[in-house]
Amino acid sequence: MPSWLQLMLDSLQPLLWAGLIFTVPLTLLSFVLGLALGLVTAIARLFGPRPVSDVARFYVWVIRGTPLLVQLFVIFYGLPSAGILLSAFPAALIGFTLNVGAYTSEIIRAAISSVPRGQWEAAYSIGMSWSQAMRRTILPQATRVAVPPLSNTFISLVKDTSLAAAITVPELFQTAQRIVATTYEPLILYIEAALIYLAMSSVLSLLQTRLERRFARYGGFLEART
């Protein structure tokens, strides 16, 4: 067996373990929390009073206008100067959550805005309150519009978690870096890490396609193709 292949086989287990223990939980937690934050931010921008809307708009402006890596550095390396100490994983979780929240808020805001005004009027005409109309009428329709871009955001997040290596989170990519430090084979190890990320993204892309087809049964963003 070639030495490079043996190295890849020997490194596969620690890389997959790091992905399972750190990369996957970091991705899932960041996306779920970021999605909740994005929903609150989108509603605040669309329906909140002016001060609340301005705060939400400022948050989105700052996060979307600065690099994710810089945000992680500010949280992990910068906040200790202000007396706020965070370990690596919580710092990464906060950074990714804030980043995902800003981007998903724009997706959700656009999706809610795409629902015709007549749907609001129809909901009010049968006695629904604002919260009932939002929950039962508007959000289900907006979800069909938001699924493709939200799915893309999730897939991108899987790859972006590699940036957590810069703040010492022992996820998949940093594990590859540690193996490189002992084997001095960066090309082989980094290609292997890239292939693992590619495999995860490919599986998620397949799931995204199936999810889109499921929503298309009820009309929506794929009905033009069917």
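None of these values were measured; they are calculated from a predicted model.

A. Up close: the packing of aromatic side chains. A full pass over the atoms with the stated rule returns 10 aromatic pairs. When the ring of Trp 120 is compared with that of Tyr 124, the centres are 6.1 Å apart and the planes differ by 40°; the resulting orientation is tilted. One end of the pair, Trp 120, and the other, Tyr 124, are both in helix H5 (residues 117-125), 4 residues apart, so they sit about a helical turn from each other. One aromatic cluster in this structure is built from Phe 47, Trp 120, Tyr 124 and Trp 130.

B. Quick look at unusual backbone geometry. For Thr 168, which is not glycine, the phi torsion reads 70° and is therefore positive. Of note, Thr 168 is situated in the loop between helix H6 (130-160) and helix H7 (172-183). The phi angle at Tyr 184 is positive, at roughly 55°, despite the residue not being glycine. Note that Tyr 184 resides in the loop between H7 and helix H8 (186-216).

C. The arrangement of a nonpolar patch on the surface in detail. On the surface, a nonpolar cluster with roughly 400 Å² of combined accessible area is contributed by Leu 187, Ile 191, Leu 195 and Leu 198. With respect to the helices, strands and loops of the structure, Leu 198 is situated in helix H8.

D. Local environment of H8. Taking 1.5 Å of rise per residue, 31 residues should cover 45 Å, and H8 covers 44 Å from first to last C-alpha, within 8% of that figure. Residues of H8 that are buried: Ile 188, Leu 189, Glu 192, Ala 193, Ile 196, Tyr 197, Ser 201, Leu 204, Gln 208, Glu 212 and Ala 216. Residues of H8 that are buried in the fold lie against helix H1 (3-47), H6 and H7.

E. Main features of the side chain of Thr 41. Tracing the chain through its elements places Thr 41 in helix H1. Assessed through its relative accessible area of 6%, Thr 41 is described here as buried. A polar atom in the side chain of Thr 41 sits 2.8 Å from the backbone oxygen of Leu 37. In contact with Thr 41, other than residues within four places in its own chain, are Ala 56, Tyr 59, Val 60 and Ser 105.

F. Expanded view of the environment of Val 60. By secondary structure assignment, the location of Val 60 is in helix H2 (residues 50-65). Counting along the chain gives 41 residues from Val 60 to Gly 101, while the straight-line C-alpha distance between them is 8.3 Å. Not counting residues within four places of it along the chain, the set of residues in contact with Val 60 comprises Thr 41, Arg 45, Ala 102, Ser 105 and Glu 106.

G. The arrangement of the packing of H7 against H8 in detail. Between H7 and H8, whose axes approach to 9 Å, the crossing angle comes to 160°. By the criterion of interaxial angle, the relationship of H7 to H8 is roughly antiparallel. For the pair H7 and H8, the crossing hand works out as right-handed. Of the residues in H8, those in contact with Leu 172, Phe 173, Ala 176, Gln 177, Ile 179, Val 180 and Thr 183 of H7 are Pro 186, Leu 189, Tyr 190, Ala 193, Ile 196, Tyr 197 and Met 200.

Thresholds applied
- Residues numbered from 1 in each chain as written.
- Predicted model: local features only at pLDDT ≥ 70, side-chain atom pairs only at ≥ 80, totals over all residues.
- Heavy atoms only, no water.
- Phe/Tyr/Trp six-rings, centres within 6.5 Å; stacked < 30°, edge-to-face > 60°.
- Helix = DSSP H or I, 4+ residues; strand = E, 2+ residues; numbered from the N terminus.
- Patch = residues over 30% accessible without salt bridge, like charges linked within 9 Å, V, L, I, M, F, W, Y side chains within 5 Å.
- Areas by Shrake-Rupley, 256 points an atom, 1.4 Å probe, with all protein chains shown as cover.
- Salt bridge = Lys/Arg side-chain N within 4 Å of Asp/Glu carboxyl O.
- Expected span 1.5 Å × (residues − 1).
- Buried < 20%, exposed > 50% of the residue type's maximum accessible area, 1.4 Å probe, protein only.
- Contact = heavy atoms within 4.5 Å.
- Polar contact = N/O pair within 3.5 Å; in protein donor to acceptor, adjacent residues only side chain to side chain.
- Axes fitted to C-alpha atoms, helices over the stretch in contact; angles between N-to-C directions.
- Parallel < 35°, antiparallel > 145°, perpendicular 65-115°, else oblique.
- Left-handed = near helix turned anticlockwise from the far one by under 90°.

Interpretation note: all reported values are geometric properties and have no functional meaning in isolation.
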